[in-house]
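The residues making up each chain are set out below.
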Amino acid sequence: MLKLTKVSKIYEGKVAYRALTDIDLEIEKGEFVAIMGPSGSGKTTMLNIISTNDTPTTGKVEIDGKNPHELKKNKLAKFRRNELGFIFQDFNLLHTLTVEENIVLPLTLDGASVKEMKEKAKKLAVNLGIESIMNKRTYEISGGQAQRVAIARAMIHDPKLLLADEPTGNLDSKASKDVMNMLVEINEKEKTSLLMVTHDPQAASYSDRVVFIRDGKLHSEIYCGESRQAFFQKIIDMLSLMGGDGNDFSSVRV
Amino acid sequence: MTFRQFAFNNVWRNKRLYIAYFLSSLFTVMVFFTFAIFAFHPAFSIGSIRGEVLYGMAVAGGIIYVFSFFFILYSMSSFLQSRKKEFGLLIMLGASNKQIRWMVFLENILIGFFATIGGIVAGLVFAKAILLIAENILIIDESLHFYFPTLAIVITFVSFIFLFFCISLFVSVILRTNKLVDLIKGDKQSKGEPKASIILSIIAALLLIAGYGTALYVEGAEVVFAMVPVIIVVTLGTYLLFTQLSVYIIRQLKKNKLIFWRKTNMLLFSDLSFRMKDNARTFFIIAIISTVAFSAIGSLYGFQSYLTKQAKEIKSYSFTYAPWGDDTEESIENDLNVINATLKEEKIDAKMESLKLTYFDNESIDSRVLMVKSSDYNRYAALIGEEELNPNVNEAIVIEQSSAIVTYGPKASETLMDGSIPLENGEVVHPSKVVETDVLTEINGYYVVPDKAFEQLGTPDYQDLSVAWQAENATEEQLIKAGEKLKERVEYKVTAIDYTVYEINKAYGPILFIGLFIGIVFFVSAGSFLYFRLFTDVEGEKRKFSAIAKIGLTEKELKRIVNRQVALLFFSPIVVALVHGAVALTALSHLFNYDLTLEATIVLGSFAFIQFVYFLIVRFSYVKQLKSATL
C-alpha cells in the first residue's frame, strides 16, 4: 500500500540539518500504524513527505505502486484530493462553511452531484454521530465534534490512505477515546490504511503497530498483541527506554 | 525594552503589515501636496487668473482635506480591525487599555510623520508632471515653471501632522473595549449577514426604479428641482441594494444546492456571505464615491463641450458686427474701417457681407418679427456654405436656430408657423415650412420671403445692421489674435468666434482641472478602499487556502476562486456607479437639451478601463500572496 524506500530529508540552510535518514517503512492495505517519537525526531517531516506536502531529498515514496512526487503540481492536487484523507491536530475546518459543507468540500471541488454528496455526508454523519450538528457553524461546536467533522471530511471520498497528525492533540480524554474508536472502526470496516503521528501513548495503543523514530532514524517497532492494555504498557516501556521526556531536546536546541 | 521601544519596534519589524496603511496615508498627503503646489503657484498670484478661480481652488483644497481625514480614518480603522488578535494577546499578557491606546497613538504618530514627509517628497517628484498637465489643460498665458514650493510644503506639513494627531486621538473611540475572548477569536467569528427582508429588497428595487425613472423622465428646468429628491432616493436605494437585495440574492443562491455545491462556488459564496456586513458597507461607499467622481468629471467635461460647441455653432461667421441702436452712420463707418484694417494687419483674407435687418410688427403673432429678403438670405448663406432658399410667390419660410439654446415655452417655429404676413397689395403670405439654419442669429426665429413680396411689406418698424466676415485660409492663431485686438478697438460690437471659444476655454480650464483633480482623488481612493477590503482579510484567506490546499486544490481552482472573488469586489460597486453616472449624465443632457452621449461614453469608458487595469494589478499581487501561503 505505502512503501518508503531509503527516504532522507535534509533541510538546506546556513547549517544543513538532517531531519530524516534512510527511512524504510511499509504499510499493508488496511493496516493501522502509529508513529511515535520525541519532539524533533522527524515524525511530522515524515508525514509531510508521505502526504506530498514536502518532497524527500533522496529516496522513494510509493502509494499503491505510484510515486506521487513525480506528478505535476495540478495532478498532485487531484491525487491528494482523491487518494488521501487528512486529519489535523487543529482540525483545519473552514469557519465560513457549515459542518455539512465542510464535509462535502472535497467532493464539491471534484464536481460530484448534489444527491451523491448529500447521501455520503448523511451516512458518515450517522456513523460518526454528528447528524444533529450538520447545519451548525464550526465555531459553534466542541473540539471533539470538530475532529469528528474532520474525520468525516477525510473519509467522504473513500481515500486509500488516511493520514492523521496528532488527531487527539487538542482533545480531552473522553473525546480522544471517541475519536480513536471511530478511527479503528473506519479502519476495520472500510479497510482503509491509516497512518497516525502522535505523542499520546493512549492513542497509539489503538493501532496495530507502533513505529518509533528518533533523531530521524527508525528506532524500533512493536506490534499489538491480544490485549490493548498490554500494548499500552509496552509502548510506555519503550518510551521510557528511549529516554522519555527528559531527553527529548532536539539537536538544534542544544 | 521600554514601552516606547516596543511600540517602535512593533512598527519597524512588522513593515509588511503596516505598508498598506502607510502607503495610503502617503498617497493622500501626496495628492493634497501636489494640489497645493499647483494652487500656490506664483503664476496665479500675479497673473490674470481671477478671484473666483482662486476661491474655487481654496474650496477644492478644503474638500480634499476633509476627504483625506475620513479616508485616513477609514484606512486606520480597517487596519486596526485586522490586528484584533494582536491586541487580544497584549491584553491577555496584562497590557492595560491605556497602554494599548498609547501604543496605537505612538504608532500613528510615527506612521503619520513619515507618511507626511514621504508624501511631500513624492509630490515634489511629480510636481513637474502635474504642472505640465495643468499648463496644457488650463491655457494659461504664463507658463507654469517649476518652483520650490516652500509655502505648499509648510501648509501640507502642518495640516497633515495636525490631521494625524487628531486621528490618533480618535483611536480611543475606535478601540472600544471588546471582550477579550472576542478579540482573540476576532477573525473566526462572522459579523453576520445583515437581516435581509423581502420587503426591503423590493423597496430597494422600487427606489432605484423610481429614482432612475424620474431622472430620465424630467426635462429642462425640472431637472434642477428633481435633482435633490432623486439623489436621496437613489442613495437610499443603493444602500438597500447592497445591504438587502444582494444579501437576499446570495441567500437564495446558497439555498439552491445545485448552484451552491457546484465546484468552487461553495467557497466563493460562503466567503461572500460571511463578510456580507463589511462588504455591503464597502460596496455602498465605493459606489457612491465613484458615482460622485463620474458625475463630476462627466458633467464638467460635458459642460465645457456644450459651451464651446454652442458658441461655435450659433455664430458660424469668423467675425460679426452689430452696432448699438443709437450709433451714427459715421461711427459705424469708422468701426468697419477699423475692423477691416485690423484684419489686414493680421493678414486675414475675409469676405464681407452686410445686411439691413428689418423688423415688422405682426398682428397675427402679436409681436415684432424679422423679415429677410430671400436674395439677402442667400448672400449670407453662401458665406458659410448653407443651402440657398427660394420661396415661391406668397410663400414664407420660417427659420429656426439649429443650435441648442436653452429655451422655455413653445418653440419659435411653432409660433411663427401659425402667423401670416399681410402685404400692402392686399395679398397675404403664409409660412409653408420650417428650416433650421445658422444663417442669421435671431433667437425667436424669422421669416424669409421672396424679393417681390418683401417690396410690398411697407416701412419696417425697426431697423438694425448686421455685418459678417468669413475668413478664408486663416489659422486659428491669427483669428484669435485679431479677435483680441478687435475686442480692444471696437469693444462689444464685434463677436470673434475663435477668440470667444478661446476665452471660454481659458476661463473654464481651471474649473475643469479642479474638477478632474477631485474626481480622480475620489476615484483613486475608492480603489484604495477596495484594496483595504481585500488585504484586511488576506491573512485569514491565506490560512483558509493553505487548509484547502492540504486537502488538494489545483492552482487553476485557486485562481478561479480568487478571480471571481476579486472581480465581484471590484466590479459590482463600479457597475452600479457607472449606471448611476450614466443616468445622472442623461439627466444633465436633458437639462441643457444637449446630447452628451459621446462625452459620457468617453468619461465612463475610461473609468471602466482604469478600473479594469487596477483589477488586473491587484489580482496579480493577491494571487501571488495566496500562492506563497499554499505552497
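Within each chain, residues carry numbers counting from 1 in the order of the written sequence. Whichever chain is written first is A, and whichever ligand is written first is 1; the rest continue in order. Since the coordinates come from a predicted model, pLDDT governs what is reported: local features require at least 70, and pairs of side-chain atoms require 80 or more to be given and counted, while whole-chain, interface and lining totals use all residues. In computing side-chain values, all of the structure's heavy atoms are included and hydrogens and water are not.

As recorded in an unreviewed UniProt entry, chain B goes by Putative ABC transport system permease protein and comes from Ornithinibacillus halophilus. Turning to chain B, the UniProt record has this under Sequence similarities (unreviewed entry): "Belongs to the ABC-4 integral membrane protein family." UniProt positions are given in the numbering used here, feature names are shortened, and annotations may be inferred rather than shown by experiment.

Chain A goes by Putative ABC transport system ATP-binding protein in an unreviewed UniProt entry, where it is assigned to Ornithinibacillus halophilus.

**Student:** Could you clarify how one ought to interpret a nonpolar patch on the surface in this entry?
**Tutor:** Residue and element names in this part refer to chain B. Patches here are clusters of residues that have more than 30% relative accessible area and form no salt bridge, with a 9 Å joining cutoff for like charges and a 5 Å cutoff for nonpolar side chains (Val, Leu, Ile, Met, Phe, Trp, Tyr). Throughout, the Shrake-Rupley method with a 1.4 Å probe supplies accessible areas, and for residues the shown protein chains are the sole cover considered. For this analysis, a salt bridge means a side-chain nitrogen from Lys or Arg found within 4 Å of a carboxyl oxygen belonging to Asp or Glu. On the surface, F113, F114, I117, V121, V125, F126, V154, F157 and V158 cluster together into a nonpolar patch covering about 800 Å² of accessible area. When contributions to the nonpolar patch are tallied by element, the ones reaching two or more residues are α6 (97-138) and α7 (150-174). Within the secondary structure, V158 is located in helix α7. Think of it in three bands: residues with accessible area under 20% of the maximum for their type are buried, residues over 50% are exposed, and the middle band is partly exposed, with areas taken using a 1.4 Å probe on protein chains only. Using a relative accessible area of 52% as the deciding quantity, one classes V158 as exposed. Only DSSP runs of H or I with at least four residues qualify as helices, and only runs of E with at least two residues qualify as strands; both kinds are numbered from the N terminus onward.

**Student:** Would you take a moment to explain the UniProt feature "domain: ABC transporter" (unreviewed entry) in chain A for this structure?
**Tutor:** The feature "domain: ABC transporter" (unreviewed entry), as given by UniProt, occupies residues 2-240 of chain A in the numbering adopted here. Along residues 2-240 of chain A one finds 39% helix and 25% strand; the C-alpha atoms at either end are 29 Å apart.

**Student:** What exactly am I supposed to notice about the interface of chain A and chain B here?
**Tutor:** We call two residues contacting when some pair of their heavy atoms lies within 4.5 Å. Each side of the interface is counted separately: chain A has 29 residues, and chain B has 29 residues. When two components associate, each loses some accessible surface as probed by a 1.4 Å sphere; the sum of these losses over both components is called the buried area. Carbon and sulfur atoms supply 68% of the area that chain A and chain B bury against each other, a total of about 2700 Å² over both sides. Summed over the shared surface of chain A and chain B, the number is one salt bridge. A salt bridge links R81 of chain A to E557 of chain B; its shortest N-O distance comes to 2.7 Å. Here a polar contact means two N or O atoms within 3.5 Å. Within protein one must be a hydrogen donor candidate and the other an acceptor candidate, and residues neighboring in sequence count only if both atoms are side-chain atoms. On the surface where chain A and chain B come into contact, there are four residue pairs in polar contact (both at pLDDT 80 or more). For the side of chain A that touches chain B, the secondary structure elements donating two or more residues are α2 (73-83), α3 (99-110) and α4 (114-128) of chain A. Element by element, the count of residues in the side of chain A that touches chain B is highest for α3 of chain A, at eight residues. Looking at the side of chain A that touches chain B residue by residue, the class counts come to 12 nonpolar, seven polar and 10 charged. Polar here means any residue outside two lists: the nonpolar Ala, Val, Leu, Ile, Met, Phe, Trp, Tyr, Cys and Pro, and the charged Asp, Glu, Lys and Arg; Gly therefore counts as polar.

**Student:** Any chance you could explain the sheet that holds strand β5 (residues 84-87) of chain A here in plain terms?
**Tutor:** All names here are of chain A. Spatial strand order, β5-β6-β7-β3-β8-β9: six strands in an open sheet with mixed pairing. Sheet topology places β5 and β9 (217-223) at the edges, where each strand pairs with a single neighbour. Going across the sheet, the axis of each strand differs from the next one's by a mean of 20 degrees, ignoring polarity. Bridge analysis of strand β3 (residues 32-36) against strand β7 (residues 193-197) gives four bridges, and the strand direction is parallel. Within β7, the position partnered with V33 by the bridge is L195. Set on the sheet, helix α8 (residues 228-241) makes contact with β3, β8 (209-214) and β9; between it and β9 the angle comes to about 155 degrees. At least two bridges found by DSSP between two strands are what make those strands a pair. Axes, fitted as lines to C-alpha atoms, cover a helix only where it is in contact. Angles between the N-to-C directions of the axes lie from 0 to 180 degrees.

**Student:** Is there a simple way to think about unusual backbone geometry in this case?
**Tutor:** Trans is the common state for peptide bonds, and a negative phi is the common state for residues other than glycine. Residues and elements named next belong to chain A. Notably, K6 is not glycine yet its phi reads approximately 45 degrees, a positive angle. Secondary-structure assignment places K6 in strand β1 (residues 2-11). K6 sits in the partly exposed class, given a relative accessible area of 48%. Of note in the backbone geometry, N92 takes a positive phi value of approximately 60 degrees without being a glycine. The topology assignment puts N92 in the loop between β5 and α3. In this structure N92 comes out as buried when scored by relative accessible area, which is 15%.

**Student:** Quick question: what am I supposed to make of the sheet that holds strand β2 (residues 17-27) of chain A here?
**Tutor:** Adjacent strands of a sheet form backbone hydrogen bonds with each other and so pair up, either parallel or antiparallel. Residues and elements named next belong to chain A. Taken together, the three strands give an open sheet; going across it, the order is β2-β1-β4, and neighbouring strands pair in antiparallel fashion. Among the strands making up the open sheet, the edge pair consists of β2 and β4 (58-63). In this sheet, adjacent strand axes meet at a mean angle of 20 degrees when their direction is disregarded. Sheet analysis places β1 next to β2, joined by seven bridges and oriented antiparallel. Paired with I10 across the strands is R18, a residue of β2. In the packing of helix α1 (residues 43-50) onto the sheet, contacts are made with β1, β2 and β4, and the angle to β1 comes to roughly 120 degrees.

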